[in-house]
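Chain by chain, the residues:
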Amino acid sequence: MKKTMKLYMAAALLAVVSPAILAQAPVKVVCNELKQKGNELVIDAVITVDGNQIKSRENLSLTPVLESASQKEGLPSILLNGRISQKVYDREIALNNLQDEPRFLVVQAGKSESVINYKTVIPFESWMKDARFVLVPNMCGCGKEEQGAPLVIADKVLTRPDKRYEVQPTLAYISPEAETVKHRAEVGTAYLDFQVGRYAILPDFRNNAVELAKIDNTIKTVTDDKNITPNGIILKGYASPEGSYKSNALLAENRVKALRGYIEKKHDFKSSFFKLETVPEDWAGFKAKVEADKQVPDRDAVLAIIDSDKDPDKKEAELRALNGGAAYRYVLAGIFPSLRRSEYQIDYTVREFTVEEGREIIKTRPQQLSLSEMFAVANSYQIGSKEYNDVFETAVRLYSDDPVANLNAANIALSKKDLGSARNYLAKAGNSPEAIHARGVLNLMEGNLTEASKLLEQAKAAGVKDAAANLDELRKKEADNQLFDSFE
């Protein structure tokens, strides 16, 4: 079978009663279908003729015609004969004396209405897209012929739309709540080398110059920024599991105190500015490193020792004894050095910014802006502009777990038709009415209209004004789908 195409439905395909009819033979026409289906044109019309108006010696010819501005084509006609005309017609056919035109139907007109179902399929040609369908009546009898004015059956052929309707969604953003105080922190990790059993910091020992420079640069970043007020520094010292737990606890404490002393002297801070924490033996870090390193000898046994409830010194002893100490030698050289470290966190607060200041800050230190400040900056640009979109994308990068940041980023992704990113953002956007609305829009754009309708109705009931516009878009899409389905 030839592939069929669905075409636009038109009001012209409703019942048509032509005002131009022959006085002798009133004709009524109802067009059920005039539609392109693939390479064919399907025609389905019902023609009703009052047979009482056709006299015994008369006949009425009805010729369907497709006509455009450039071309026309007649289709097989209908011939309705009066009683005597039908006998003459039958005799001439029997004697093979009649070379008649192509007929769809030849029938004797009755005393009441004759109802003719005119159904046919013809090859579709491009000119037919602009054609109308008419019926040309011709009454003949007693040596006279009278042609009536054409009756319009349908004013156009229904053809499939070039493309499906694309929804134009309306998006609902949320303005984030303002931060009362903008607390921020700079964090880092330093791997300082100490002489065996000692805790004094030697700046020129091994790689200490590089590691101390990392700390100094982080602190300087905070203290040199006029927009920032430093509030304190948290130092956390870690030791690895080799040696006794007691000695490691003392070593970790003294080493983190030594680091505090270095920073106090270098940057002129008071001791009260610091908070010190220690982890004498970092077994949690040790476990994570072993799990990530498949080359550790007797790896499963090592993990079992780490997970046991025994005290740290007994676990270290078992590790030393395991399989002649192969695993211990491996972790002593390859893992333990990375566990000996100092983590630092510099807490500070940031002043508030005007929109004009925020436009500049977001280019260099976006983390200093609150979500509400970013929202204000975004709305200072034209909606949908690159600058507008960039602000929301920066916000979700910095506040990756914030529901409002994710919702607004999802809206940006929806506006760019990036449905995959929108779905990922919406997974962390919470269940606010606006988030429900955005999920409805996503389903609408993906074509999941039943789910979209449910979500948008829910959002509308919750007070999201934009939901009504999207429900209108949904109805347009449903109508468009019905249209396309009608061509299947």
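Residues numbered from 1 in each chain as written. Predicted model: local features only at pLDDT ≥ 70, side-chain atom pairs only at ≥ 80, totals over all residues. Heavy atoms only, no water.

Peer 1: Give a description of the overall build of the protein that names residues and reports values.
Peer 2: On a plain count of helices and strands, the protein comes out with 16 helices and 15 strands. Taking 23 Å as the expected radius of gyration for a compact globule of 488 residues, we find that the protein reaches 43 Å, considerably beyond that expectation. Taken along the three principal axes of its C-alpha coordinates, the protein extends 130 × 60 × 40 Å. Expressed as a percentage of the 488 residues in the protein, the buried residues total 44%. Residue pairs in contact within the protein that sit at least 24 positions apart in sequence constitute 68% of those at least 6 positions apart. Taken as two groups, the 66 positive and 69 negative side-chain charges of the protein have centres that lie 1 Å from each other. (Helix = DSSP H or I, 4+ residues; strand = E, 2+ residues; numbered from the N terminus. Rg over C-alpha atoms; globule rule 2.2 N^0.38 Å. Buried < 20%, exposed > 50% of the residue type's maximum accessible area, 1.4 Å probe, protein only. Contact = heavy atoms within 4.5 Å. Lys, Arg positive; Asp, Glu negative; His and termini not counted. Charge placed at Lys NZ, Arg CZ, Asp CG, Glu CD.)

Peer 1: Tell me about the sheet that holds strand E12 (residues 182–190), and please be specific about residues and values.
Peer 2: Judged by pairing direction, the sheet is mixed, and its four strands sit side by side in the order E12-E15-E13-E14 without closing on themselves. A strand with exactly one partner marks an edge of an open sheet, and here the two such strands are E12 and strand E14 (274–279). Strand-to-strand twist in this sheet, taken as the mean axis angle between neighbours without regard to direction, amounts to 20°. Taken together, the nine bridges between E12 and strand E15 (residues 341–350) define a ladder with antiparallel strand orientation. Bridge pairing in E15 places Ala190 opposite Ser342. Lying over the sheet, helix H3 (residues 245–267) contacts strand E13 (228–238), E14 and E15, oriented at roughly 150° with respect to E14. (Pairing = 2+ DSSP bridges. Axes fitted to C-alpha atoms, helices over the stretch in contact; angles between N-to-C directions.)

Peer 1: Can you break down the pattern of salt bridges residue by residue, with the values?
Peer 2: As enumerated under the stated definition, the model contains 30 salt bridges in all. A salt bridge links Glu179 to Arg184, with the nearest nitrogen and oxygen atoms 3.0 Å apart. Residues Asp224 and Lys220 are paired through a salt bridge, measuring 2.5 Å at the closest nitrogen-oxygen approach. Where salt bridges share partners, they join Glu33, Lys35 and Lys37 into one cluster. (Salt bridge = Lys/Arg side-chain N within 4 Å of Asp/Glu carboxyl O.)

Peer 1: Quick rundown of unusual backbone geometry? Include the residues and the values.
Peer 2: At Arg206, a position not held by glycine, the phi torsion is positive, near 50°. Along the chain, Arg206 falls in the loop between E12 and helix H2 (208–223). Owing to a relative accessible area of 65%, Arg206 belongs among the exposed residues under this scheme. In this model, Asn323 sits at a positive phi of 50°, which is unusual for a non-glycine residue. Among the structural elements, Asn323 can be located in the loop between helix H6 (312–321) and helix H7 (326–334).

Peer 1: Account for the side chain of Arg255, with residues named and values stated.
Peer 2: When you line up the elements, Arg255 lands in helix H3. Among buried Asp, Glu, Lys and Arg side chains, Arg255 stands out as unpaired, with Glu242 the closest opposite charge at 7.3 Å. If we ignore the near neighbours within four places in the chain, the residues touching Arg255 are Phe194, Gln195, Gly197, Arg198 and Tyr199.

Peer 1: Can you tell me about the pairing of strand E3 (residues 40–50), naming the residues and giving the values?
Peer 2: Taking burial as the measure, the 11 residues of E3 include nine buried ones, the bulk of the element. The pairing of strand E2 (residues 27–37) with E3 spans 10 bridges and is antiparallel. If you follow Leu34 over to E3, its bridge partner there is Ile43. Hairpin connection, E2 to E3: the antiparallel pair is bridged by two residues, and Gly38 has positive phi, about 65°.

Peer 1: Could you give me a rundown of the pairing of E15, with the residues and numbers involved?
Peer 2: The buried fraction of E15 is high, at seven of 10 residues. Across 10 bridges, E13 lies against E15 in antiparallel orientation. Note that in E15 the partner of Leu235 across the bridge is Tyr344.

Peer 1: So, the nonpolar core: which residues are in play, and what are the values?
Peer 2: In this structure, Ile201, Ile215, Ile233, Leu235, Leu259 and Ile263 are the most contacted members of the largest nonpolar core, which totals 41 residues. Those elements that provide at least two residues to this core are H2, E13, H3, E15, helix H9 (355–364), helix H10 (371–378), helix H11 (386–398) and helix H12 (403–415). Residue contacts for Ile263: discarding those within four places in its chain leaves Ile215, Ile219, Ile233, Leu235, Asp268, Phe269 and Phe274. Counting 30 residues, the second-largest nonpolar core is a separate cluster that includes Val29, Leu60, Ala131 and Leu135. (Core = buried A, V, L, I, M, F, W, Y, C linked by side-chain atoms within 4.5 Å.)

Remember, this is a structural readout, not a statement about activity or role.
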